[in-house]
Amino acid sequence: MKFLDLCKVHIRSGSGGNGCISFRREKFIEFGGPNGGDGGDGGSVWVEAVDGLNTLIDFRYQQHWFAQNGEAGKGSNRTGANGGDIVLRVPVGTEILEEDEETVVADLTELGQRILLAKGGNGGWGNARFKTSSNQAPRHANPGQDGVERTLWLRLKLIADVGLVGLPNAGKSTFLAVTSNARPKIADYPFTTLHPNLGVVEVDGTEFVVADIPGLIEGAHEGRGLGDIFLGHVERSAVLLHLIDGTSGSLIEDYQTICNELAAYGAGLAEKPRVTVLNKIDALDAEERVFLKDELEAAGAEDVMLMSGATREGVTEVLRALKPHVMARRAADRPVSPEEEQEGDQWQS
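As a starting point, this report considers the structure included with it. (Residues numbered from 1 in each chain as written. Predicted model: local features only at pLDDT ≥ 70, side-chain atom pairs only at ≥ 80, totals over all residues. Heavy atoms only, no water.)

1. What about the environment of R129?
- Position of R129 among the secondary structure elements: in the loop between β9 (114–118) and β10 (149–156).
- With relative accessibility at 48%, the residue R129 sits in the partly exposed group.
- Along the chain, R129 and G19 lie 110 residues apart, while their C-alpha atoms are 9.5 Å from each other.
- Reaching out from R129, the side chain makes a polar contact with the side chain of D38 at a distance of 2.7 Å. (Helix = DSSP H or I, 4+ residues; strand = E, 2+ residues; numbered from the N terminus. Buried < 20%, exposed > 50% of the residue type's maximum accessible area, 1.4 Å probe, protein only. Polar contact = N/O pair within 3.5 Å; in protein donor to acceptor, adjacent residues only side chain to side chain.)

Below, the structure written as structure tokens:
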């Protein structure tokens, strides 16, 4: 199954059915009168976050989503049938954007969340609705209300606790492979990772989700390399794990390149908590490790950690450094029960 995180869809809700113009004409019935029924309501278009999906690939092959129209009213005061709704089922973490790709319509961050995108048109009234004491044979009815037509963008932002960032070949996929059951592609050439990968890691009895995205290069915000659109998948993360290749000959430039790209992307990524790790230390001796660590900290990196994904040296320590940030986010997002809120009010008073 291919990974797709951005697509355009065209939706249209159903139009309401027209009201009916009808009169009662039956043999041996002395008094007739209008008996035209109302039209049925048109179907609506909904979007719902469901489990078991992690891509928008289904919307590449079906871009038009139209709800059913309501049926017209009928004689004998019969109301037309309502049109059926249609539901766009998307992965959790999907954003719905207007056609300008900037205005956010909805952000589905919870399983089962359901949003109305286009309401169906109301059915028109039949002529029976217009009967009055002074107009006992109305010969007009209302047409059904037109449906709503919209063009929208769906953008998937994976929900992960930790986001992996770094230059190509910094060791991000190797880290994900050795800490989780994920099996990303690993090779000794740049841009091995072409789409995001998710893995569940565990440390000290706590599990959290790590997202590996394609590597960034200088000028990614201007479209160089694979661009920076994949950074959307780490926007929701609690902490960023910045991996730096310890065997690179331009260590400081590599570090500053990622910092600059995060700042250029925006969305608060530059201010997000970050754990900086000097990777591939298995290729460095003790003196080189200390020297490069000091160089990075002098360049602005805080509390640089040492790790080797290939030999797993320092991996557990890195996971333990990530855990407090993840737990703090979960505690902040956890809803407060009425009992806890009451206890807090009593403590303040």
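2. Considerations on the sheet that holds strand β7 (residues 94–97)
- One open sheet holds the 5 strands; their spatial order is β5-β1-β10-β7-β8, and the pairing between them is mixed. The sheet is open, and its two borders are formed by β5 (64–66) and β8 (104–108), each paired with just one other strand. Recorded for the sheet is a direction-independent mean angle of 25° between the axes of neighbouring strands.
- As judged from the 3 bridges shared by strand β1 (residues 6–12) and β5, these two strands associate in the parallel manner. Across the sheet, I11 pairs through a bridge with W65, a residue of β5. (Pairing = 2+ DSSP bridges. Axes fitted to C-alpha atoms, helices over the stretch in contact; angles between N-to-C directions.)

3. Things to note about the nonpolar core
- In this structure, V9, I11, F59, L88, I96 and L154 are the most contacted members of the largest nonpolar core, which totals 24 residues.
- Of all the secondary-structure elements, those providing two or more residues to this core are β1, β4 (45–50), β6 (86–91), β8, β9 and β10.
- Leaving out residues up to four positions away in the same chain, I11 has contacts with V45, W65, F66, L88, L117, A118, V148, E149, R150 and L152.
- Counting residues in hydrophobic clusters, the runner-up holds 20 residues, among them F175, F208, V210 and V275. (Core = buried A, V, L, I, M, F, W, Y, C linked by side-chain atoms within 4.5 Å. Contact = heavy atoms within 4.5 Å.)

4. Observations regarding the environment of F23
- Summarising the element assignment, F23 is placed in strand β2 (residues 23–24).
- F23 sits 13 residues away from G36 along the chain, and the two C-alpha atoms are 6.8 Å apart.
- Apart from the residues within four sequence positions on either side, F23 is in contact with G33, P34, N35, N127, A137, P138 and R139.

5. Concerning the environment of N279
- Along the chain, N279 falls in strand β15 (residues 274–279).
- Residues N279 and A170, 109 residues apart in the sequence, show an inter-C-alpha distance of 7.3 Å.

6. Some thoughts on the pairing of strand β13 (residues 206–212)
- Counted residue by residue, β13 has 5 buried out of 7 residues, so it is predominantly covered.
- Two elements, strand β11 (residues 162–165) and β13, share 3 bridges in a ladder whose sense is parallel. Residue pairing across strands places V162 opposite V210, the latter belonging to β13.
- Across 7 bridges, strand β12 (residues 197–203) lies against β13 in antiparallel orientation. Of the residues in β13, the one forming a bridge with V201 is F208.
- Once β12 ends, the chain turns through 2 residues before running back antiparallel as β13, passing D204 with a positive phi of about 50°.

7. Thoughts on helix α5 (residues 315–333)
- Given a rise of 1.5 Å per residue, 19 residues ought to cover 27 Å, and the 27 Å separating the end C-alpha atoms of α5 matches this to within 8%.
- Of all the bends in α5, the greatest reaches close to 25° and is centred on K323; the proline P324 follows between one and four positions later.
- Every buried residue belonging to α5 is among V315, V318, L319, L322 and V326, and all of these are buried. (Expected span 1.5 Å × (residues − 1). Bend = angle between axes of the 7 residues up to and from the residue.)

8. Some thoughts on the packing of helix α3 (residues 251–265) against helix α4 (residues 286–298)
- As a packed pair, α3 and α4 sit with axes 10 Å apart at the nearest point and diverge in direction by 40°. Overall, the two elements α3 and α4 adopt an arrangement that is oblique. In the crossing of α3 with α4, the sense of the turn from one axis to the other is right-handed. Of the residues in α4, those in contact with L251, I252 and Y255 of α3 are L292, E295 and L296.
- For the contact of α3 with α4, the per-class residue count stands at 5 nonpolar, no polar and 1 charged. (Parallel < 35°, antiparallel > 145°, perpendicular 65-115°, else oblique. Left-handed = near helix turned anticlockwise from the far one by under 90°. Nonpolar A, V, L, I, M, F, W, Y, C, P; charged D, E, K, R; others polar.)

9. Some points on the sheet that holds β13
- Ordered in space as β12-β13-β11-β14-β15-β16, the 6 strands form an open sheet in which the pairing is mixed. Both outer strands of the open sheet, β12 and β16 (305–306), are each paired with one neighbouring strand and no more.
- Judged from the 6 bridges that link them, strand β14 (residues 239–245) and β15 form a sheet pairing that is parallel. Paired with L240 across the strands is R274, a residue of β15.
- In the packing of helix α2 (residues 172–179) onto the sheet, contacts are made with β11, β12, β13 and β14, and the angle to β12 comes to roughly 50°.

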